[in-house]
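Residues per chain are reported as follows:
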Amino acid sequence: MFQKILIANRGEIALRVLRAARELGIQTVAVHSTADAEAMHVRLADESVCIGPPPSRDSYLNIHQIVAACEITGADAVHPGYGFLSENAKFADILAAHNITFIGPRADHIRIMGDKIEAKRTAQRLGIPVVPGSDGAVTDEATAKKIAAEIGYPVIIKASAGGGGRGMKVARSEADLEIALATARSEAGAAFGDDAVYVEKYLEKPRHIEVQVMGDGDGRAVHLGERDCSLQRRHQKVWEEANSPALNAADRTRIGTTVANAMAELSYAGAGTVEFLYENGEFYFIEMNTRLQVEHPVTEAITGIDLVHEQIRVASGSGLSVEQKDIKFNGHAIECRINAEDPKTFTPSPGTVSHFHTPGGLGIRVDSAVFSGYRIPPFYDSLIGKLIVHGSNRVECMMRLRRALGEFVVDGIKTTLPLFQELVNNTDIANGDYDIHWLEKYLADSH
Ligand code: ADP
């Protein structure tokens, strides 16, 4: 097992990893920018190293500084959290060259899944269902038209190097296609320095359903069920639940087994999430994230398995602590991502949190690095905490969530808590009746 883990992240996820390491008796090193000198992850870690000025590119994305911090403190492993360097294959390679373990999958798996065309091709080869579309990149209009005619309109043009919902264009007819293709290519070239695009069927009312998987890197893999993350704003997840209100046990086993078998065949190591669009009973692969997800706690709530413990075990060579037959899905869990933003306009609202009080009681978990008097710096994303609620079924979970939201106090800044107070009382949400466009439409109609 590792002696000392350096956590190359900040905020709630840095605390999340620190807690897991401490439970396993492993020392922790926090790294931080000058803006985060007073942050909770720095206070709670055994050691800390300042790695640069506030902008992420000079600190949390600065590979040299992070490797130097490992050398200074003698850390033998790095946990990257999510975002920042978590899906950077070069970072994984550099750590390996310094004999430091990257707590994540193999660099070549990160590379494959970071290239959407390659990822889709790999998924298909491994028996994972994909969205019908072009086989690889499309450069000319004639080919795009031919494929679109075969799969039928509407179609979506997507950037191979895309991410964060950028570089996508929908074409509803052949007349739209020329412009959509040209725009998608030039946007992709400008945003990602790579103008490769591909064409696929555009699904009108899908849900976003993703499968959590853990591999031991040695040909074994398990799935931990799915999460429904259909409630999104600008392709950013807002509310996530496990299980999905749209799936039955047979669907869950079918897609989970497909994903676990595929990851076993790949000898995938550590935590991964395979994301699907789900429509009319069919799953369509869209991408795989080769890291821990923000919404992983809902899976932990219903399985009772600590995903960060498992990541650390696998990376250290101890293997997975569970087999598929040990994994049971118990009750229902919902996570609300609470952002420091105006709940109507979603403009960021950094500043000092004058008072912070979190809800408690049975089935409540709050993952946050905020405390009363904490000053939220303006340099990073606006997530300030996650409220995760577990109940023996979805109805109980919603009752408990409504109660917990009522206890949550964040004074001094604006937060998205009022949005969740609305959602928890909405009939469509109560019925689990929503797709990936529901929240945008709700906000346009009501705000
Ligand atoms: P990114 O990596 O940029 O987040 P994804 O491939 O995960 O890109 O797609 C982001 C979102 O775009 C999806 O969650 C979905 O809302 C929409 N999307 C992607 N592909 C399709 C498709 N074929 N049909 C309909 N919507 C899609």
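Residues numbered from 1 in each chain as written. Predicted model: local features only at pLDDT ≥ 70, side-chain atom pairs only at ≥ 80, totals over all residues. Heavy atoms only, no water.

A.B. asks: What is the right way to look at the pattern of salt bridges in this model?
C.D. replies: It is possible for side chains of opposite charge to pair when their charged atoms get near one another. Counted according to the given criterion, the structure contains 41 salt bridges. In this structure, Lys145 and Glu141 form a salt bridge, with 2.9 Å as the shortest nitrogen-oxygen distance. With a gap of four residues between them, Lys145 and Glu141 both fall in helix α7 (residues 141-151), about one helical turn apart. Classification of Lys145 as partly exposed rests on a relative accessible area of 25%. Residue Glu141 is classed as partly exposed on the basis of its relative accessible area of 26%. A salt bridge links Asp228 to Arg207, with the shortest nitrogen-to-oxygen separation between them at 2.8 Å. Separated by 21 residues along the polypeptide, Asp228 in strand β10 (residues 221-233) and Arg207 in strand β9 (residues 207-216) bring together distant segments of the chain. Residue Arg207 is classed as buried on the basis of its relative accessible area of 9%. (Salt bridge = Lys/Arg side-chain N within 4 Å of Asp/Glu carboxyl O. Helix = DSSP H or I, 4+ residues; strand = E, 2+ residues; numbered from the N terminus. Buried < 20%, exposed > 50% of the residue type's maximum accessible area, 1.4 Å probe, protein only.)

A.B. asks: Is there a simple way to explain the packing of helix α5 (residues 107-114) against helix α6 (residues 116-125) in this structure?
C.D. replies: Geometrically, a packed helix pair is captured by the angle between its two axes and the distance between the axes. Running from N to C, α5 and α6 point in directions that differ by 105°, and their axes come no closer than 5 Å. With respect to α6, the axis of α5 lies roughly perpendicular. Seen from α5, the contacting residues are Ile112, Met113 and Gly114; seen from α6, they are Lys116, Glu118, Ala119 and Thr122. Partitioning the contact of α5 with α6 into residue classes produces three nonpolar, two polar and two charged. (Axes fitted to C-alpha atoms, helices over the stretch in contact; angles between N-to-C directions. Parallel < 35°, antiparallel > 145°, perpendicular 65-115°, else oblique. Contact = heavy atoms within 4.5 Å. Nonpolar A, V, L, I, M, F, W, Y, C, P; charged D, E, K, R; others polar.)

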